[in-house]
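# Geometric and topological summary
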Amino acid sequence: MYEWIKALHVIAVISWMAGMLYLPRLFVYHCEAEIGSKQSETFKVMERRLLRAIMNPAMIVTWLAGLYLAWAGHWFSHPWLHAKLLVVVVLSGVHGFFARCVKDFAGDRNRRSQKFYRIINEVPTVLMIAIVILVIVKPF
Ligand code: HEM
């Protein structure tokens, strides 16, 4: 059972991260589209579908499967898991922020610059590298 849930966890992680890495890239392109243009409306649909159909469910499955693994594998007393949980909470916060950005774009209320989205685009990558090292190497 443990191995099957771990497989589900990794599948959910890949789906979640695909969205976390791509959505801010869509924001970068969306900044260039004129408000009310066909291109801008297309970006709105892409952003909403990516968030609702892929990222939200994938994040929930990642959390549920991850917490099951932590419980079933008796990992809760291990410091690497505490560190991993901390980074995953930050990643989930970034997810929440991206959801707000999707809402802002949907209402044509985005005030953030393209440069801002280019920088924030790198944050999920850095967090993902830390998480994978923590869970695979288990340095402490
Ligand atoms: C949402 C909260 C999460 C919890 C509670 C959690 C917890 C766990 C636990 C307990 C394991 C099993 C470790 C083992 O058997 O050695 C695991 C495996 C794994 N987790 Fe998570 N995880 C979470 C989120 C994430 C995220 C966001 C990522 C990547 C960005 C990730 C990547 C992985 C990977 C790659 C494995 C497989 C490691 C292996 O093959 O040994 N996890 N997770």
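Per chain, residue numbering runs from 1 following the sequence as it is written. Two thresholds apply to this predicted model, a pLDDT of at least 70 for residue-level local features and 80 or more for giving and counting side-chain atom pairs, whereas whole-chain, interface and lining totals are computed over all residues. Here the side-chain values reflect all heavy atoms present in the structure, with hydrogen atoms and water set aside.

Protein coordination at the iron atom of the ligand comes from His9 (NE2) and Lys84 (NZ), with a distance range of 1.8 to 2.1 Å. Sites may look incomplete, because water is not among the atoms used; the donor set itself consists of N, O and S atoms within 2.8 Å of the metal (3.2 Å for Na, K and Ca). Note on geometry labels: four donors, all angles 85 to 135 degrees, give tetrahedral; four donors become square planar and six octahedral when opposite donors are over 155 degrees apart and every other angle is between 65 and 115; remaining cases are irregular. Around the iron atom of the ligand, the six donor atoms are arranged such that angles at the metal cover 87 to 176°; this shape is classified as octahedral. Taken together, the positions of His9 in helix α1 (residues 2–32) and Lys84 in helix α3 (residues 79–106) put the pair 75 residues apart, joining distant regions of the chain. Each residue's exposure class comes from its accessible area (1.4 Å probe, protein chains only) as a fraction of the maximum for that residue type: buried when under 20%, exposed when over 50%, partly exposed otherwise. Its relative accessible area of 12% is what places His9 among the buried residues. Of the residues examined, Lys84 reaches a relative accessible area of 14% and is grouped as buried. Note on conventions: DSSP H or I runs of at least 4 residues are helices, E runs of at least 2 residues are strands, and numbering of each starts at the N terminus.

For the rest of this paragraph, the subject is the side chain of Ser40. Within the secondary structure, Ser40 sits in helix α2 (residues 38–72). In this structure Ser40 comes out as buried when scored by relative accessible area, which is 2%. Separated by 3.1 Å, the side chains of Ser40 and His30 make a polar contact. The contact rule is simple, with two residues in contact once any of their heavy atoms fall within 4.5 Å. In contact with Ser40, not counting residues within four places along its chain, are His30, Ala33, Glu34 and Asp108. Polar contacts here mean pairs of N or O atoms no more than 3.5 Å apart (in protein, one a potential hydrogen donor and the other a potential acceptor; neighbouring residues in sequence count only if both atoms are side-chain atoms).

We now examine the nonpolar core. The criterion is simple. A nonpolar core is a set of buried Ala, Val, Leu, Ile, Met, Phe, Trp, Tyr and Cys residues joined through side-chain atoms within 4.5 Å. Ranked by internal contacts, the top residues of the largest apolar core, which has 28 residues, are Trp16, Met20, Leu23 and Phe27. Among the secondary structure elements, those contributing two or more residues to this core are α1, α2, α3, α4 (114–120) and α5 (123–137). What Met20 contacts, discounting residues up to four positions off in sequence, is Met55, Leu91, Val94, His95, Phe98 and Pro124.

Aromatic pairing here means that ring centres of Phe, Tyr or Trp (its six-membered ring) are within 6.5 Å. Orientation follows from the plane angle: under 30 degrees is stacked, over 60 is edge-to-face, and everything else is tilted. All chains considered together, the criterion is met by nine aromatic pairs. With centroids separated by 6.0 Å and ring planes inclined at 80°, the aromatic side chains of Phe27 and Phe98 adopt a geometry described as edge-to-face. Here the residue Phe27 occupies a position in helix α1, and Phe98 occupies one in helix α3, the gap between them amounting to 71 residues. Each of the two residues, Phe27 as well as Phe98, counts as buried. Considering the side-chain rings of Phe27 and Tyr117, the 5.2 Å spacing of their centres and the 55° angle between planes classify their relative orientation as tilted. You can see Phe27 sitting in helix α1 and its partner Tyr117 sitting in helix α4, a full 90 residues away along the chain. Classification of Phe27 by relative accessible area gives buried; the value is 0%. Three or more aromatic residues joined by ring pairs form one cluster here, namely Phe27, Phe97, Phe98, Phe105, Phe116 and Tyr117. Two conditions define a charge sitting above a ring: the NZ of Lys or the CZ of Arg must be within 6 Å of the ring centre, and it must be within 35 degrees of the ring normal. Across the ring face of Trp75, the terminal group of Lys138 is positioned such that the distance to the ring centre comes to 4.9 Å. Sitting over the face of the ring of Trp80, Lys138 holds its NZ or CZ atom 4.8 Å from the ring centroid.

Pairs of cysteine sulfur atoms within 2.5 Å are what we label disulfides. Under the defined criterion, the tally for this structure stands at zero disulfides. Cys31 takes part in no disulfide bond, and the closest cysteine sulfur, belonging to Cys101, lies 9.4 Å away. Residue Cys31 is classed as partly exposed on the basis of its relative accessible area, which comes to 27%.

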